[in-house]
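# A look at the structure
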Amino acid sequence: MPLDLQWFTASVFAVFGLLIGSFLNVVVYRLPKMMERQWSNECAEISGKPRDEATPFNLVVPRSRCPHCGHPIHWYENVPVLSYMALRGRCSKCKANISIRYPLVEVLTSGLFFFCGWHWGATLQGLLWCAFSAMLLALALIDWDTTLLPDDLTLPLLWLGLLAAAMNWTPVGLNNAFWGVVGGYISLWLIYWAFKLATGKEGMGYGDFKLFASLGAWFGWQTLIPIILMASVIGAIIGIAMKFTTGLREGGYVPFGPFLAGAGFAGLFLGNNALQRAVGL
């Protein structure tokens with residue numbers, strides 16, 4: 001591909017990434033609340049109480065509002081990055097601070113999409129890895145905020161990886177992807193039960209099993225050891241640092257999903273072979 005066309009394609013992907021990043025901010029905030037509402041309705045149904053269906057709440061409605069004053073966010077206040085800069089990081093009505101994470105997520109998503117467009121071009125593979133990047137980023141942020149890894153994201157990520165392998169859209173191959181899913185899920189399931197039997201505590205959740213299985217679908221069973229080693233080492237370092245800086249949340253735990261996601265992004269940038277060479281495989 002000519003260099004100028006490569007730059008143009010990657011730039012279009014980057015702009016598209018800004019828009020998707022803005023939507024990911026909505027997903028990260030609302031999806032856990034949608035899950036909590038669903039659980040509450042299920043409990044109410046079991047106990048014979050009325051379900052809370054008076055006010056719809058999903059990824060589309062209600063309209064986004066300032067969490068401090070309830071001011072509805074107009075379209076021109078929701079332009080990725082530019083609106084944050086124009087508003088100087090404050091609500092246009094109450095002047096409360098807007099979290100810097102919103103534009104950072106947009107920029108990060110844009111950067112990930114730029115890489116996919118640069119590396120794969122305007123191809124189906126490029127779009128697939130964009131979807132991989134968006135879902136993995138959303139999962140990492142949701143898990144960090146809530147210690148939840150929603151099935152609404154982990155399962156599509158897993159099945160998309162298997163589909164891509166079956167259609168030869170990724171270099172993994174269906175056989176390697178299948179055993180990546182099996183090995184990823186069962187390995188953490190065994191660790192979970194070994195830890196629980198030894199300590200009586202739960203060291204991780206079932207969402208971690210599904211996320212690791214999803215990475216196995218995308219990168220194959222050969223990368224499971226490098227991915228889990230990378231995630232464990234980085235997680236341990238950050239956990240220790242947070243302990244000494246009193247940054248640990250109540251209960252003294254650090255979610256594992258963001259570090260699995262980080263290893264997944266390493267696989268995206270480095271490729272399968274580099275992941276295996278990094279640990280001498």
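Our structure is the block above this text.
Residues numbered from 1 in each chain as written. Predicted model: local features only at pLDDT ≥ 70, side-chain atom pairs only at ≥ 80, totals over all residues. Heavy atoms only, no water.

### A look at the overall build of the protein
The number of helices and strands found in the protein is ten helices and zero strands. Secondary structure of the protein in N-to-C order comes out as α-α-α-α-α-α-α-α-α-α. Relative to the 2.2 N^0.38 estimate, which gives 19 Å for 281 residues, the radius of gyration of the protein is 20 Å and therefore close to what a compact globule would have. A buried classification covers 41% of the 281 residues belonging to the protein. Taking contacts inside the protein between residues at least 6 apart in sequence as the whole, the part at least 24 apart equals 69%. When the accessible surface of the protein is summed, it comes to about 15500 Å², and 67% of that surface belongs to carbon and sulfur atoms. (Helix = DSSP H or I, 4+ residues; strand = E, 2+ residues; numbered from the N terminus. Rg over C-alpha atoms; globule rule 2.2 N^0.38 Å. Buried < 20%, exposed > 50% of the residue type's maximum accessible area, 1.4 Å probe, protein only. Contact = heavy atoms within 4.5 Å. Areas by Shrake-Rupley, 256 points an atom, 1.4 Å probe, with all protein chains shown as cover.)

### Observations concerning the pattern of salt bridges
Under the definition given, this model contains three salt bridges. Among the salt bridges present, the one from Asp-151 reaches Lys-210, with a minimum N-O distance of 2.7 Å. Of this pair, Asp-151 sits in helix 5 (residues 151-166) while Lys-210 sits in helix 7 (residues 206-219), and the two are 59 residues apart along the sequence. Take Lys-210: its relative accessible area is 19%, and that puts it in the buried class. (Salt bridge = Lys/Arg side-chain N within 4 Å of Asp/Glu carboxyl O.)

### What to know about the packing of aromatic side chains
Describing an aromatic ring pair means giving the distance of the ring centres and the angle of the ring planes. Under the criterion given, the structure shown has 20 aromatic pairs. With a centroid separation of 4.6 Å and 65° between ring planes, the pair formed by Phe-115 and Phe-269 is classed as edge-to-face. Here Phe-115 is found in helix 3 (residues 101-120), whereas its partner Phe-269 is found in helix 9 (residues 257-270), with 154 residues between them in sequence. Phe-269 sits in the partly exposed class, given a relative accessible area of 41%. (Phe/Tyr/Trp six-rings, centres within 6.5 Å; stacked < 30°, edge-to-face > 60°.)

### Some thoughts on the side chain of Asp-143
Here Asp-143 lies in helix 4 (residues 124-146). Those residues in contact with Asp-143 that sit more than four places away from it in its chain are Leu-148, Leu-149, Asp-208, Pro-255, Phe-256, Gly-257 and Pro-258.

### Some remarks on helix 5
When the terminal C-alpha atoms of helix 5 are compared, their 22 Å separation across 16 residues agrees well with the 22 Å that a helix rising 1.5 Å per residue should span. Taken as a whole, helix 5 has its buried residues at Leu-153, Thr-154, Leu-157, Leu-158, Gly-161, Leu-162, Ala-164 and Ala-165. Mapping the buried residues of helix 5 onto a view down its axis gives an arc of 165°, with all of them on the same face. Across from the buried face of helix 5, at angles greater than 90 degrees, the exposed residues are Asp-152 and Trp-159. In the core, the buried residues of helix 5 are packed alongside helix 1 (3-47), helix 4, helix 6 (174-199) and helix 7. Where helix 5 ends, the next residue or the one after it, Asn-168, has phi of about 60°, a positive value. (Expected span 1.5 Å × (residues − 1). Arc of directions from axis to C-beta.)

### Things to note about the nonpolar core
Of all hydrophobic cores here, the largest spans 51 residues; its most connected members are Phe-132, Leu-136, Leu-153, Leu-157, Ile-227, Leu-260 and Leu-268. Those elements that place two or more of their residues in this core are helix 1, helix 3, helix 4, helix 5, helix 6, helix 7, helix 8 (224-244) and helix 9. If you tally residues by element for this core, the top one is helix 4, at 13 residues. Contact partners of Leu-136, with chain neighbours within four places excluded, come to Leu-157, Leu-211, Leu-215, Ala-261, Gly-264 and Phe-265. (Core = buried A, V, L, I, M, F, W, Y, C linked by side-chain atoms within 4.5 Å.)

### Some remarks on a nonpolar patch on the surface
Residues Ile-186, Trp-189, Leu-190, Trp-193, Leu-197 and Tyr-206 make up a contiguous nonpolar surface patch of roughly 600 Å² in combined accessible area. The dominant element in the nonpolar patch, judged by the number of residues it contributes, is helix 6, at five residues. (Patch = residues over 30% accessible without salt bridge, like charges linked within 9 Å, V, L, I, M, F, W, Y side chains within 5 Å.)

### Focus: the packing of helix 4 against helix 7
Look at helix 4 against helix 7: their axes get within 13 Å of each other, and the N-to-C directions meet at 160°. When the interaxial angle is binned, helix 4 and helix 7 end up roughly antiparallel. As helix 4 runs across helix 7, the sense of the crossing is left-handed. Residues Leu-128, Trp-129, Phe-132, Leu-136, Leu-139 and Asp-143 of helix 4 touch helix 7, and the partners they reach there are Asp-208, Leu-211, Leu-215, Trp-218 and Phe-219. Across the contact of helix 4 with helix 7, the residue classes tally to nine nonpolar, no polar and two charged. (Axes fitted to C-alpha atoms, helices over the stretch in contact; angles between N-to-C directions. Parallel < 35°, antiparallel > 145°, perpendicular 65-115°, else oblique. Left-handed = near helix turned anticlockwise from the far one by under 90°. Nonpolar A, V, L, I, M, F, W, Y, C, P; charged D, E, K, R; others polar.)

### Brief notes about helix 9
The terminal C-alpha atoms of helix 9 lie 20 Å apart, and with 14 residues this matches the ideal 20 Å at 1.5 Å per residue to within 8%. Burial analysis of helix 9 places eleven of its 14 residues in the buried class, which makes it a mostly covered element. Of all the positions in helix 9, only Gly-257, Pro-258, Phe-259, Leu-260, Ala-261, Ala-263, Gly-264, Phe-265, Ala-266, Gly-267 and Leu-268 are classed as buried.

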